[in-house]
Amino acid sequence: MILRYLLNDNQAMADKTEKYLNAGDVYVTIEIMAEVVYVLKGVYSIERSEISYALKKFLELVNCHEMRVLSIALDMFAGHNLDFVDCVLYGYNRVYSAEIATFDKDLLKLLNA
């Protein structure tokens, strides 16, 4: 539903999604947003900065327990050539001081900066 809303490529589906959003109390998880990022980037070849901007605007309409982590992850995704999941790990590190064990050199550079 999120993809149809963001892409507005099926008016009926986009309208139905908008009704849910307008009714309020819509909840998303990081896992759902990761799938949306994957499809927008991998299938639709949308630029990272556009994905980040669109999803941050979308997040203003919904609830998420990990909103701060997700916001940081989207910022990192826009500005770095990291997989979105690595950006989420970075977000957990910044929000909760979670120790991240990884061999990913690019993520390690950011974590140690």
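Residues numbered from 1 in each chain as written. Predicted model: local features only at pLDDT ≥ 70, side-chain atom pairs only at ≥ 80, totals over all residues. Heavy atoms only, no water.

Visitor: Break down the overall build of the protein for me, with residues and values.
Guide: Counting secondary structure elements, the protein contains 7 helices and 0 strands. Reading the protein from its N end, one meets helices and strands in the order α-α-α-α-α-α-α. Taking 2.2 N^0.38 as the reference for a compact globule, 113 residues should give roughly 13 Å; the C-alpha atoms of the protein span a radius of gyration of 15 Å, in line with that estimate. Seen through its C-alpha atoms, the protein measures out along the principal axes to roughly 45 × 30 × 15 Å. Counting all 113 residues of the protein, 36% fall into the buried class. Considering only contacts in the protein between residues 6 or more positions apart, those separated by 24 or more positions represent 51%. Considering the protein, the positive charge centre built from 11 side chains and the negative charge centre built from 16 side chains are found 2 Å apart. (Helix = DSSP H or I, 4+ residues; strand = E, 2+ residues; numbered from the N terminus. Rg over C-alpha atoms; globule rule 2.2 N^0.38 Å. Buried < 20%, exposed > 50% of the residue type's maximum accessible area, 1.4 Å probe, protein only. Contact = heavy atoms within 4.5 Å. Lys, Arg positive; Asp, Glu negative; His and termini not counted. Charge placed at Lys NZ, Arg CZ, Asp CG, Glu CD.)

Visitor: An account of the packing of aromatic side chains is needed here, citing residue identities and associated values.
Guide: Counted under the stated rule, the structure contains 3 aromatic pairs. Considering the side-chain rings of phenylalanine 77 and phenylalanine 84, the 5.8 Å spacing of their centres and the 85° angle between planes classify their relative orientation as edge-to-face. With relative accessibility at 3%, the residue phenylalanine 77 sits in the buried group. Each ring, one from tyrosine 92 and one from tyrosine 96, has its centre 6.0 Å from the other, and the planes form 25°; the classification is stacked. One end of the pair is tyrosine 92 and the other is tyrosine 96, both in helix α6 (residues 84–96) and 4 residues apart, which spans about a single turn. By relative accessible area, which is 46% here, tyrosine 96 ends up partly exposed. (Phe/Tyr/Trp six-rings, centres within 6.5 Å; stacked < 30°, edge-to-face > 60°.)

Visitor: Can you lay out the side chain of serine 52 for me, pointing to particular residues and giving the numbers?
Guide: Note on placement: serine 52 falls in helix α4 (residues 48–59). Under the relative-accessibility criterion, serine 52 is labelled buried at 5%. Within the structure, the side chain of serine 52 is placed 2.9 Å from the backbone oxygen of leucine 74, a separation counted as a polar contact. (Polar contact = N/O pair within 3.5 Å; in protein donor to acceptor, adjacent residues only side chain to side chain.)

Visitor: Account for the nonpolar core, naming residues and giving values.
Guide: Val28, Met33, Leu70 and Phe84 are the most contacted members of the largest nonpolar core, which has 33 residues in total. Secondary-structure elements contributing two or more residues to this core are α1 (2–7), α3 (30–42), α4, α5 (67–79), α6 and α7 (105–111). Setting aside chain neighbours within four positions, we find leucine 70 in contact with Ile30, Met33, Leu59, Cys64 and Phe84. (Core = buried A, V, L, I, M, F, W, Y, C linked by side-chain atoms within 4.5 Å.)

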